[in-house]
Amino acid sequence: MSAANLPQPAASDSVRMIRLMGSVSLICGLLIVGTHIGTMEPIRRNQEFITKETVSALLPGVDKQAVYSLVNGDLQPGAQPNVPVLYAGFDKQGALIGVVIETSERGYADTIKAMYAYSPDLQAITGFQVMELKETPGLGDKITKDPAFLDNFKKLDVTAGPDGKPAHPVVTVKHGTKKNPWEVDAISGATISSRAVGRMLAKSTATMLPLVRKNLDRIRKGN
Amino acid sequence: MPHDHGQPAPSPAENMEAFLDGLWKQNPVFVQVLGTCPTLAITNSVSNAVAMGLATLFVLVCSNALVSAVRKLVPKQVRIATYILIIATFVTIVDYLIKAISVAVYKALGPFIALIVVNCIILGRAEAYASKNPVGKSILDGLGMGIGFFIALFSLGSVREILGAGTFLGFPLFGPNYQPWVLFLLPPGGFFTLAIWLMVFAAWKDRKKRREVKTMAEAA
């Protein structure tokens, strides 16, 4: 009844709207693509630099770094795009300190990208750093710097089970209920983001750690 | 003036006014109290405030220009959607640019870059000014408002970093014995600092008004 009384936009109006929105979208799309292409190279260089710095921070005392890519279920030297990458860090004497592995998982808002350090000698995760996130400021973004949360990753147990995967997968537990060395104590108020961290570590350790162990002698020699 | 068909080109004085309004008389933060979310959140250091101010200035000028350029073509039913589309485009561009310039700045600003899209100053200027004025004046308005926002962020950032960390742009000011007033780096410090600046502005306006009344009385 009331709908009939409303002034109906003429058909040409809709066409006009669609045409306008379409052309504005086209212009905007071109602008974004142009910027994306133009900034690709400097962003890649920046990322490389930051990655190197992060590996140094996660593996104290590192002097030399080597990069491996996971291609068709096997580790190959060198960085390759769009596959999981890991970095081996060696001290001044050339001994392996540990490996740093990239990982990502869907958080509360967008994908969280992070890196963690794994020590084959301790069979434990020895460090964790978020590289990129868009979580809620003041809540979810606490996973980057909350000291109590980061303490979880000073020595997080991922000892290998019979199949080479961690015997006890990393799991995030409710704040204040951490009992075992493979559990991550969530931040209260940032439960979804904390769980995402637990999930990304569980998934990544399950695929990457068996590979690291299989290729450990090769990695230790640096080739 | 929604329609400027056949109007004479705006005089330099009018242009100057469009520019100066945002800087001082209509300062988006100190007078209109708009965009307080980034104002409070990213002003814990001068460098963050400067980066955020510049990013917002860029988005504001570009979106004002494009909104003004298409203003006569946009049907009013889809105008807000069109403005948001334009604003989001420039925010994405600024996001890429900051990532290309410095990852440290990108990390410090983090999710707040994307949140420039919903900064009400930008949509406010698109709707209230750029959609009714020619491109040149809209750019000037964007510049004025953007620089006004920049000044506000810079004022807050300076006070908070000097008191809260005892540094300015990272350089220590008071020697090793200064005990930093950490409260000013924390969220409450943002509110206190904004309140202090608003007080200063209110007092200044009040004084000016009284002086005007006095001169008028004397003239009479």
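Above this note sits the structure.
Now for a description of the structure that goes with this document. (Residues numbered from 1 in each chain as written. Chains lettered and ligands numbered in written order. Predicted model: local features only at pLDDT ≥ 70, side-chain atom pairs only at ≥ 80, totals over all residues. Heavy atoms only, no water.)

**Section: the overall build of chain A**
Secondary structure summary: chain A contains five helices and nine strands in total. What you see in chain A, going N to C, is helices and strands ordered as α-α-β-β-β-β-β-β-α-β-β-β-α-α. A compact globule built from 223 residues should have a C-alpha radius of gyration of about 17 Å, whereas chain A, at 23 Å, is more than 25% larger. A burial count over chain A gives 40% of its 223 residues as buried. Partitioning the contacts of chain A with sequence separation of at least 6, the portion at a separation of at least 24 is 54%. (Helix = DSSP H or I, 4+ residues; strand = E, 2+ residues; numbered from the N terminus. Rg over C-alpha atoms; globule rule 2.2 N^0.38 Å. Buried < 20%, exposed > 50% of the residue type's maximum accessible area, 1.4 Å probe, protein only. Contact = heavy atoms within 4.5 Å.)

**Description of the packing of aromatic side chains**
All names here are of chain A. Enumeration according to the criterion identifies nine aromatic pairs over all chains in this entry. Arranged with centres 4.6 Å apart and planes meeting at 35°, the rings of Phe-128 and Phe-153 form a pair that is tilted. With a gap of 25 residues between them, Phe-128 in strand β6 (residues 124–132) and Phe-153 in the loop between α3 (147–151) and β7 (156–157) connect regions that are remote in the sequence. The pair formed by Phe-128 and Phe-153 is uniform in burial state, with each residue classed as buried. Measuring from centroid to centroid gives 5.4 Å for Phe-149 and Phe-153, while their planes differ by 80°, and the two rings are edge-to-face. Take Phe-149 and Phe-153: they sit in the same class, and that class is buried. (Phe/Tyr/Trp six-rings, centres within 6.5 Å; stacked < 30°, edge-to-face > 60°.)

**Some details on the side chain of Glu-183 of chain A**
Residue and element names in this part refer to chain A. As for its placement among the helices and strands, Glu-183 is situated in strand β9 (residues 183–185). For Glu-183, the side chain forms a polar contact with the main-chain nitrogen of Lys-179, separated by 2.8 Å. Contact partners of Glu-183, with chain neighbours within four places excluded, come to Asn-152, Leu-156, Val-171, Val-173, Thr-177 and Lys-178. (Polar contact = N/O pair within 3.5 Å; in protein donor to acceptor, adjacent residues only side chain to side chain.)

**Points about the pairing of β6 of chain A**
Consecutive side chains of a regular strand alternate in pointing toward one face of the sheet and then the other. Residues and elements named next belong to chain A. The pairing of strand β5 (residues 111–119) with β6 spans seven bridges and is classified as antiparallel. For Ala-117, the partnering residue across the bridge sits in β6 and is Gly-127. What sits between β5 and β6 in their antiparallel hairpin is a turn of four residues, with Gln-123 showing a positive phi close to 50°. The pairing of β6 with β7 spans two bridges and is classified as antiparallel. Its bridge partner lying in β7, Ala-124 is registered against Asp-157. (Pairing = 2+ DSSP bridges.)

**A closer look at unusual backbone geometry**
At Asp-110 of chain A, a position not held by glycine, the phi torsion is positive, near 65°. Residue class for Asp-110 of chain A comes out partly exposed when judged on its relative accessible area of 46%. Despite not being glycine, Leu-169 of chain B has its phi angle at roughly 55°, a positive value. Position of Leu-169 of chain B relative to the elements: it lies in the loop between β1 (167–168) and β2 (171–172). In this structure Leu-169 of chain B comes out as partly exposed when scored by relative accessible area, which is 47%.

**Let's talk about helix α3 (residues 46–69) of chain B**
For α3 of chain B, built from 24 residues, the straight-helix expectation of 34 Å at 1.5 Å per residue is met to within 8% by its first-to-last C-alpha distance of 34 Å. By the criterion of burial, α3 of chain B is predominantly enclosed, with 19 of the 24 residues buried. (Expected span 1.5 Å × (residues − 1).)

**A closer look at the nonpolar core**
Counting 43 residues, the largest nonpolar core has Val-59, Ile-86 and Ile-116 of chain B as the members making the most contacts within it. Elements with a contribution of two residues or more to this core: α2 (11–58) of chain A together with α3, α4 (79–101), α5 (103–109), α6 (120–130), α7 (135–165) and α8 (187–219) of chain B. Judged by nonpolar contacts, the second largest core, of 38 residues, contains Ala-88, Ala-114, Ile-125 and Val-170 of chain A. (Core = buried A, V, L, I, M, F, W, Y, C linked by side-chain atoms within 4.5 Å.)

**What to know about the layout of surface pockets**
All names here are of chain A. Here the largest pocket is characterised by a volume of approximately 1,300 Å³. Lining of the largest pocket is provided by 38 residues; of these, Gln-47, Thr-51, Tyr-87, Glu-102 and Lys-113 occupy positions nearest its centre. With nine residues, α2 is the largest single contributor of residues to the lining of the largest pocket. In terms of residue class, the lining of the largest pocket is built from 18 nonpolar, ten polar and ten charged. (1 Å grid on protein atoms, 1.4 Å probe; cavity = no way out; pocket = protein on both sides within 12 Å on 5 of 7 lines; lining within 4 Å. Points joined across faces, edges and corners; volume = space filled by probe spheres on them. Nonpolar A, V, L, I, M, F, W, Y, C, P; charged D, E, K, R; others polar.)

**Brief notes about the environment of Ser-25 of chain A**
Of note, Ser-25 of chain A is situated in helix α2. For Ser-25 of chain A and Leu-58 of chain A, which are 33 residues apart along the polypeptide, the C-alpha to C-alpha distance reads 43 Å.

**Observations regarding the packing of α4 of chain B against α6 of chain B**
Residues and elements named next belong to chain B. Running from amino to carboxyl end, α4 crosses α6 at an angle of 130°, the nearest separation of the two axes being 10 Å. As far as their axial angle goes, α6 and α4 are oblique. Handedness of the α4/α6 crossing: right-handed. Contacts from Arg-79, Ile-80, Tyr-83, Ile-84 and Ile-87 of α4 reach α6 at Ile-122, Leu-123, Ala-126 and Glu-127. Its residues assigned to classes, the contact of α4 with α6 shows seven nonpolar, no polar and two charged. (Axes fitted to C-alpha atoms, helices over the stretch in contact; angles between N-to-C directions. Parallel < 35°, antiparallel > 145°, perpendicular 65-115°, else oblique. Left-handed = near helix turned anticlockwise from the far one by under 90°.)

**Notes on the pattern of salt bridges**
Scanning the model with the defined rule gives 13 salt bridges over all chains in all. Notably, a salt bridge pairs Glu-105 of chain A with Lys-203 of chain A, separated by 2.9 Å at the nearest N-O pair. Separated by 98 residues along the polypeptide, Glu-105 of chain A in strand β4 (residues 96–106) and Lys-203 of chain A in helix α4 (residues 191–214) bring together distant segments of the chain. Note that Asp-21 of chain B and Lys-25 of chain B form a salt bridge whose closest N and O atoms lie 3.9 Å from each other. Of this pair, Asp-21 of chain B and Lys-25 of chain B both sit in helix α1 (residues 12–25), separated by four residues, roughly a single helical turn. Taking relative accessible area as the criterion, Lys-25 of chain B reaches 54% and is therefore assigned exposed. Each member of the salt-bridge network shares a partner with another, and the members are Glu-41, Arg-44, Arg-45 and Glu-48 of chain A. (Salt bridge = Lys/Arg side-chain N within 4 Å of Asp/Glu carboxyl O.)

**Digging into the pairing of β4 of chain A**
All names here are of chain A. Here strand β3 (residues 85–90) runs beside β4; their pairing, made up of five bridges, is antiparallel. For Gly-89, the partnering residue across the bridge sits in β4 and is Gly-98. With antiparallel pairing between neighbouring strands as the criterion, β3 and β4 make up a hairpin whose turn holds five residues, including Gly-94 at a positive phi of roughly 90°. Two elements, β4 and β5, share eight bridges in a ladder whose sense is antiparallel. Looking at β5, one finds that Arg-106 is bridged to Thr-111. A loop of four residues connects β4 with β5, the two strands running antiparallel in sequence, and Asp-110 in this loop sits at a positive phi of about 65°.

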